[in-house]
Amino acid sequence: LIQDSTAYITQWLTHTVAVINLSTLEIKTQIEMPGSTEGMTTDGAYLYVTVKYLDTTGGWPYPAGNTIEKINITTNLAEDSFQVSDNPELLIYHDGFLFVGSQSGWPVIHNIDKVNPVTGEIILQKIYDSEIQFGIDWAVHNDILYRAYNNGIVSINEDLTINESNYINFEQ
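In this report, the structure presented in the accompanying data block is examined. (Residues numbered from 1 in each chain as written. Predicted model: local features only at pLDDT ≥ 70, side-chain atom pairs only at ≥ 80, totals over all residues. Heavy atoms only, no water.)

## What about a negative patch on the surface?
A surface patch of negative charge is lined by D95, D143, E158 and D159. Inspection of the secondary structure puts D159 in the loop between β15 (152-156) and β16 (162-169). (Patch = residues over 30% accessible without salt bridge, like charges linked within 9 Å, V, L, I, M, F, W, Y side chains within 5 Å. Areas by Shrake-Rupley, 256 points an atom, 1.4 Å probe, with all protein chains shown as cover. Salt bridge = Lys/Arg side-chain N within 4 Å of Asp/Glu carboxyl O. Lys, Arg positive; Asp, Glu negative; His and termini not counted. Charge placed at Lys NZ, Arg CZ, Asp CG, Glu CD. Helix = DSSP H or I, 4+ residues; strand = E, 2+ residues; numbered from the N terminus.)

Here is the structure:
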């Protein structure tokens, strides 16, 4: 993720986020995280990072993480930690909220958590059974939230349900 002239890179195995000055290509700092980081997004003032696994040094399966770490972009310090569904992957900041995609189990269960980035409260949660095939990517276009879905993309409604009328299938 790039914010102004700074790049933020998740470092899965070292449980850190590297902060890189893009003008000098130097690592400014590495922010310690409580586990393996996966996704990042920003609201312009804070960086939000998902912790997918708590530890990756043992064998598979790795113990699930379930937090979003809130990092102040000015100080590069973690200021808060929010609990979300297990194994959070990518997330996106949209319309004043964090939308977090998670998957766990076999067959795979997909979750979407809508989180208040100020309080850390899960405002809304939608759990999808294994018949739904989400990817991990998110996007916003024309102020509409989209998620990778079933070999394409689909918009997500306010109640976190799928809007099939906006489904774009890439296999056509």
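## What about the sheet that holds strand β7 (residues 64-72)?
Two modes of strand pairing occur in sheets, parallel and antiparallel, and in both the strands are linked by backbone hydrogen bonds. Pairing in this open sheet of 4 strands is antiparallel, and the strands run β5-β6-β7-β8 from one edge to the other. Looking along the sheet, the strands with just one partner apiece sit at the ends: β5 (36-42) and β8 (77-83). In this sheet, adjacent strand axes meet at a mean angle of 25° when their direction is disregarded. Two strands pair when backbone bridges link them, and β7 and β8 are joined in this way by 6 bridges, in the antiparallel orientation. Of the residues in β8, the one forming a bridge with K70 is D80. (Pairing = 2+ DSSP bridges. Axes fitted to C-alpha atoms, helices over the stretch in contact; angles between N-to-C directions.)

## Some words on the environment of Y8
Assignment of secondary structure puts Y8 in strand β2 (residues 6-11). C-alpha separation for the pair Y8 and T75, spaced 67 residues apart in sequence, amounts to 13 Å. Once residues lying within four places of it in the same chain are set aside, the contact partners of Y8 are L1, Q3, V17, A18, V19, M40, L47, I73 and N76. (Contact = heavy atoms within 4.5 Å.)

## A word on the sheet that holds strand β11 (residues 109-115)
On the basis of which strands lie adjacent, the open sheet formed by 4 strands has the order β9-β10-β11-β12 and antiparallel pairing. Across the chains shown, the open sheet's two edge strands, defined by having one partner strand only, are β9 (88-94) and β12 (122-128). Averaged over all adjacent pairs, the angle separating strand axes in this sheet is 15°, with direction ignored. Sheet topology note: the β9/strand β10 (residues 97-104) ladder contains 5 bridges and is antiparallel. The residue of β10 that forms the bridge with L91 is V100.

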